[in-house]
Amino acid sequence: MGLTIYLNGEMVDQSNAKISVFDHGLLYGDGVFEGIRAYHGKIFQEDLHIKRLYQSAKAILIDIPLTPEQFKQAMYDTMAANNLSDAYIRAVVTRGVGDLGLDPRKCPKPTLFIIAASIQLYPEEFYQNGLEVITAATRQKPSDVISPRIKSCNYLNNILAKIEGIQAGCIETIMLNTKGEVAECTGDNIFLVVDGALKTPPPDAGILEGITRGVVIELAQQMGLEVQQVALTRFDVISADEVFLTGTAAEVIPVVKVDGRSIGDGTPGALTLKLLAKFRELTSK
Ligand code: PMP
């Protein structure tokens, strides 16, 4: 017995959780998803994740055949079916099964599935020692081509950037937009600490508006820190006092080296560690 998966309204064993080869999610990456965490039986920022999922679906004209409340319940049911109270949840909605053409009208019913798995935490040493990252040659897609604010099943450019990182021995990679400004990382948002203030690229730099990013901005403001959403360059990154990344899986993770240049004194920054502690306080309740 493997995990129990929610698939189109039913709970099935993972060995039976199968998708048609004619599903447009598979044939064309035509779908949207969310990566979500639950802490102590409570789905973290559930309303914001549901909102982003439904907005992403709306942007690509998929009608999710559940109300947001029903979707939320299905996520809790999937956690319960796997006896999980701390979990990483993947919720996916694809265009559904169609024919071999692009035409979405041939896909009458979206495919929905929810996976709740026990979380694979990043090794603690990453938090203690910080990450080394590089800047990828692969750019984030420009928002006038396809908005990075849609969390779609098309992650190919992020994957290409990730491969560049892996080849350089890095698990995360900074992506620039087509203007050469810093956008985000392959699965995380980026923040700089400069003279005691936080700086992070604005949504129109071509980023996914991370839920963790929003939480960290709020935490920082509660701590009395100034938060600026401004265009940033690679120079800004390498000359910052501190750099950190935010994301559902990573939470808040320090970066200590970018493109071979040490950030600050080359160890996780004090404000980064304070924000990580505040974040963990928030999720420990
Ligand atoms: N950017 C990208 C490209 C991502 O895939 C993610 C992870 N979902 C993030 C940023 C961070 O977003 P969140 O904090 O909502 O996980």
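Here the structure is a predicted model, which means the values were calculated and not measured.

Draft legend 1. Spatial organisation of the overall build of the protein chain. In terms of helices and strands, the protein chain carries eight helices and 15 strands. Taken against the 2.2 N^0.38 rule, which gives 19 Å for 285 residues, the C-alpha radius of gyration of the protein chain at 19 Å falls within 12% of a compact globule. Taken along its principal axes, the extent of the C-alpha atoms in the protein chain is 55 × 40 × 35 Å. Buried positions account for 51% of the 285 residues belonging to the protein chain.

Draft legend 2. Focus on unusual backbone geometry. The backbone of Asn-8 shows a phi angle near 50 degrees, a positive value even though the residue is not glycine. Here Asn-8 falls in the partly exposed class, since its relative accessible area comes to 37%.

Draft legend 3. Summary view of the nonpolar core. Judged by nonpolar contacts, the single largest core of 38 residues is most densely connected at Ile-174, Leu-198, Val-243, Phe-244 and Phe-279. Per-element tally for this core: the top contributor is helix α6 (residues 211-222), with five residues. Core analysis: the second largest hydrophobic core is formed by 26 residues, Ala-38, Ile-43, Tyr-54 and Ile-62 among them.

Draft legend 4. Seen up close, helix α2 (residues 46-59). Taking 1.5 Å per residue, 14 residues should reach 20 Å; α2 reaches 20 Å between its end C-alpha atoms and fits that length. Among all positions of α2, only Glu-46, His-49, Ile-50, Arg-52, Leu-53, Tyr-54, Ser-56 and Ala-57 are buried. One or two residues past the end of α2 sits Leu-61, with phi positive at roughly 60 degrees.

Cut-offs and rules
Residues numbered from 1 in each chain as written. Predicted model: local features only at pLDDT ≥ 70, side-chain atom pairs only at ≥ 80, totals over all residues. Heavy atoms only, no water. Helix = DSSP H or I, 4+ residues; strand = E, 2+ residues; numbered from the N terminus. Rg over C-alpha atoms; globule rule 2.2 N^0.38 Å. Buried < 20%, exposed > 50% of the residue type's maximum accessible area, 1.4 Å probe, protein only. Core = buried A, V, L, I, M, F, W, Y, C linked by side-chain atoms within 4.5 Å. Expected span 1.5 Å × (residues − 1).

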